[in-house]
Amino acid sequence: QAEQSSSLGPPLAKRRKGDRALHGGYLQERLCYEDGRLLDENKKGVMMGWESPLMAKHAEVLLPKPGASVLNIGFGLGLVDVFLQ
């Protein structure tokens, strides 16, 4: 099955680890928090409040037993962090 390009960039197999051209500009964008949504400069959603139940389930799967640890390096609203605590 052939890989196809999308609006997200080149196929994963062609991406190079650390390639700034793929995400450097995006990571420099200003974000805004508006009505329970974290938006990029183009008003596209980075993280939305409605994702909270999904993040709760992720936390449940990541930490199935008390006392386990996880390091989350996230870019969003911190929803999963609340559930992990």
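Here goes a summary of the coordinates provided. Numbers given for residues are sequential positions, taken from 1 along each chain in its written order. Only residues with pLDDT of at least 70 are given local features in this predicted model, and only at 80 or more are side-chain atom pairs given and counted; all residues enter the totals for whole chains, interfaces and linings. Excluding hydrogens and water, the side-chain figures rest on all heavy atoms present in the structure.

Quick look at the pairing of strand S3 (residues 45–48)
And step 1. A pair of strands counts as paired when DSSP detects no fewer than two bridges linking them. In DSSP terms, a helix is any run of H or I states spanning at least four residues, a strand is any run of E spanning at least two, and both are numbered starting from the N terminus. Where strand S2 (residues 37–39) meets S3, 3 bridges bridge the pair, whose relative direction is antiparallel. When the sheet's bridge partners are listed, Leu-38 is paired in S3 with Met-47.
And step 2. Connecting the antiparallel pair S2 and S3 is a turn made up of 5 residues, with Lys-43 showing a positive phi of about 65°.

Details of the pattern of salt bridges
And step 1. By salt bridge we mean one thing: a side-chain nitrogen of Lys or Arg within 4 Å of a carboxyl oxygen of Asp or Glu. Using the criterion set out here, one finds 3 salt bridges in the structure.
And step 2. Arg-37 is paired through a salt bridge with Glu-34; the nearest N and O atoms lie 2.9 Å apart.
And step 3. Buried residues are those whose accessible area, probed at 1.4 Å on protein chains only, stays under 20% of the maximum for their type, while exposed residues exceed 50% and partly exposed ones sit between those limits. Among the residues examined, Glu-34 registers a relative accessible area of 29% and is labelled partly exposed.
And step 4. Of the charged contacts in the structure, one is a salt bridge between Glu-34 and Lys-43, with a shortest N-O distance of 3.2 Å.
And step 5. Residues participating in the shared-partner salt-bridge network are Glu-34, Arg-37 and Lys-43.

Things to note about the nonpolar core
And step 1. Take the buried Ala, Val, Leu, Ile, Met, Phe, Trp, Tyr and Cys residues and link them wherever side-chain atoms come within 4.5 Å; each set so joined is a nonpolar core. Leu-38, Val-46, Met-47, Met-55, Ala-59, Leu-63, Leu-79, Val-80 and Leu-84 form the largest nonpolar core, which has 9 residues in total.
And step 2. Within the residue set of this core, elements represented by two or more residues are S3, helix H2 (52–62) and helix H3 (79–84).
And step 3. Among the elements that make up this core, the one with the highest residue count is H3 (3 residues).
And step 4. For Met-55, the contacting residues outside a window of four places in its chain are Met-47, Leu-79, Val-80 and Phe-83. Residues are treated as being in contact if the distance between any of their heavy atoms lies within 4.5 Å.

What to know about the environment of Val-82
And step 1. Mapped onto the elements of the fold, Val-82 is located in helix H3.
And step 2. When the C-alpha positions of Val-82 and Ala-59 are compared, they lie 9.0 Å apart, and in sequence the two are 23 residues distant.

Description of the environment of Gly-49
And step 1. Along the chain, Gly-49 falls in the loop between S3 and H2.
And step 2. Gly-49 sits 28 residues away from Leu-77 along the chain, and the two C-alpha atoms are 7.9 Å apart.
And step 3. For Gly-49, the contacting residues outside a window of four places in its chain are Gly-36, Leu-77 and Leu-79.

Observations regarding the sheet that holds S3
And step 1. Sheet architecture is open: 3 strands sit in the order S1-S2-S3, paired in antiparallel fashion. Two strands in the sheet have a free side with no partner beyond their single neighbour: strand S1 (32–34) and S3. Here the strands of the sheet are splayed against their neighbours by 25° on average, with no regard to which way each runs. Axes, fitted as lines to C-alpha atoms, cover a helix only where it is in contact. Angles between the N-to-C directions of the axes lie from 0 to 180 degrees.

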